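Each chain is listed here by its residues.
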Amino acid sequence: MRDYPLLIEVLSHLANRIKNYFICKSRLDIANQIDNLRIKELCNCGEPDCGSFYFTQYVENEDEYECFGFEEIGTIEVIESKIGFVEIFPSNFGFEIRSILWKNNISY
Ligand SMILES: [Zn+2]
């Protein structure tokens, strides 16, 4: 079984931004997950500048779904109180994120 890379190692700057975001919202239950999050795969929408990606703990459950707007660069989806998906809107930043993930052997 392959080891999926840690968010904090691959995208440490983004990881800390997400952590601070949830600390500011007093959602320590989510902020405390950041150090252990592993990136599973890229979004496969086909948009070349999309920087969205899924974590290994992603689950589908429409009943326990929360969506947070994140610094105008994207959204963060939390399902069953677990961060499952980070959407980074198509942008230069999205392209940058996608390129870094490719280099770390994360595809879709
Ligand atoms: Zn996408």
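About the thresholds
- Residues numbered from 1 in each chain as written.
- Predicted model: local features only at pLDDT ≥ 70, side-chain atom pairs only at ≥ 80, totals over all residues.
- Helix = DSSP H or I, 4+ residues; strand = E, 2+ residues; numbered from the N terminus.
- Rg over C-alpha atoms; globule rule 2.2 N^0.38 Å.
- Buried ≥ 20, exposed ≤ 12 C-beta atoms within 10 Å, placed from the backbone.
- Pairing = 2+ DSSP bridges.
- Axes fitted to C-alpha atoms, helices over the stretch in contact; angles between N-to-C directions.
- Core = buried A, V, L, I, M, F, W, Y, C linked by C-beta atoms within 7 Å.
- Contact = placed C-beta atoms within 7 Å.

### Some remarks on the overall build of the chain
The helix and strand tally for the chain stands at 4 helices and 5 strands. Helices and strands in the chain line up, N terminus first, as α-α-α-β-β-β-β-β-α. Its C-alpha atoms give the chain a radius of gyration of 13 Å, within 12% of the compact-globule value 13 Å for 108 residues. Dimensions of the chain, computed from C-alpha atoms along their principal axes, come out at roughly 35 × 35 × 25 Å. Per-residue burial for the chain yields a buried fraction of 25% across its 108 residues.

### As for unusual backbone geometry
Residues other than glycine seldom take positive phi values, yet Glu 72 does so here, at roughly 60 degrees. With respect to the helices and strands, Glu 72 occurs in the loop between strand 3 (65–70) and strand 4 (74–79). Of note, the phi angle at Ser 81 is positive, near 65 degrees, even though the residue is not glycine. With 11 C-beta atoms counted inside 10 Å, the residue Ser 81 sits in the exposed group.

### Some details on the sheet that holds strand 3
In a beta sheet, neighbouring strands pair by backbone hydrogen bonds and run either parallel or antiparallel. On the basis of which strands lie adjacent, the open sheet formed by 5 strands has the order 1-2-5-4-3 and antiparallel pairing. Taken across any chain shown, the strands that pair with only one partner, and hence form the sheet edges, are strand 1 (39–42) and strand 3. Between one strand axis and the next, the sheet turns through 20 degrees on average, direction left out of account. Alignment of strand 3 against strand 4, held across 6 bridges, turns out to be antiparallel. Each bridged residue has a counterpart across the sheet, and for Phe 70 the counterpart in strand 4 is Gly 74.

### What to know about the pairing of strand 5 (residues 82–88)
As judged from the 2 bridges shared by strand 2 (residues 53–55) and strand 5, these two strands associate in the antiparallel manner. Bridge assignment links Phe 53 to a residue of strand 5, and that residue is Val 86. One ladder, built from 6 bridges, connects strand 4 with strand 5; its direction is antiparallel. Paired with Val 78 across the strands is Ile 83, a residue of strand 5. Where strand 4 folds back on strand 5, the antiparallel hairpin that results is connected by 2 residues, among which Glu 80 adopts a positive phi of roughly 50 degrees.

### Some remarks on the nonpolar core
Among the nonpolar cores identified, the biggest contains 19 residues, and Leu 7, Ile 18, Leu 37, Ile 39, Phe 53, Phe 55 and Ile 83 are the most heavily contacted of them. Those elements that place two or more of their residues in this core are helix 2 (12–24), strand 2, strand 5 and helix 4 (92–103). Discounting residues that sit within four places of it in the chain, Leu 37 has contacts with Leu 6, Leu 7, Phe 55 and Ile 83.

### A word on the environment of Glu 71
Mapped onto the elements, Glu 71 comes out in the loop between strand 3 and strand 4. By C-beta crowding, Glu 71 is classed as exposed, having 9 other C-beta atoms within 10 Å. Note: C-alpha distance between Glu 71 and Asn 104 (33 residues apart in sequence) is 25 Å.

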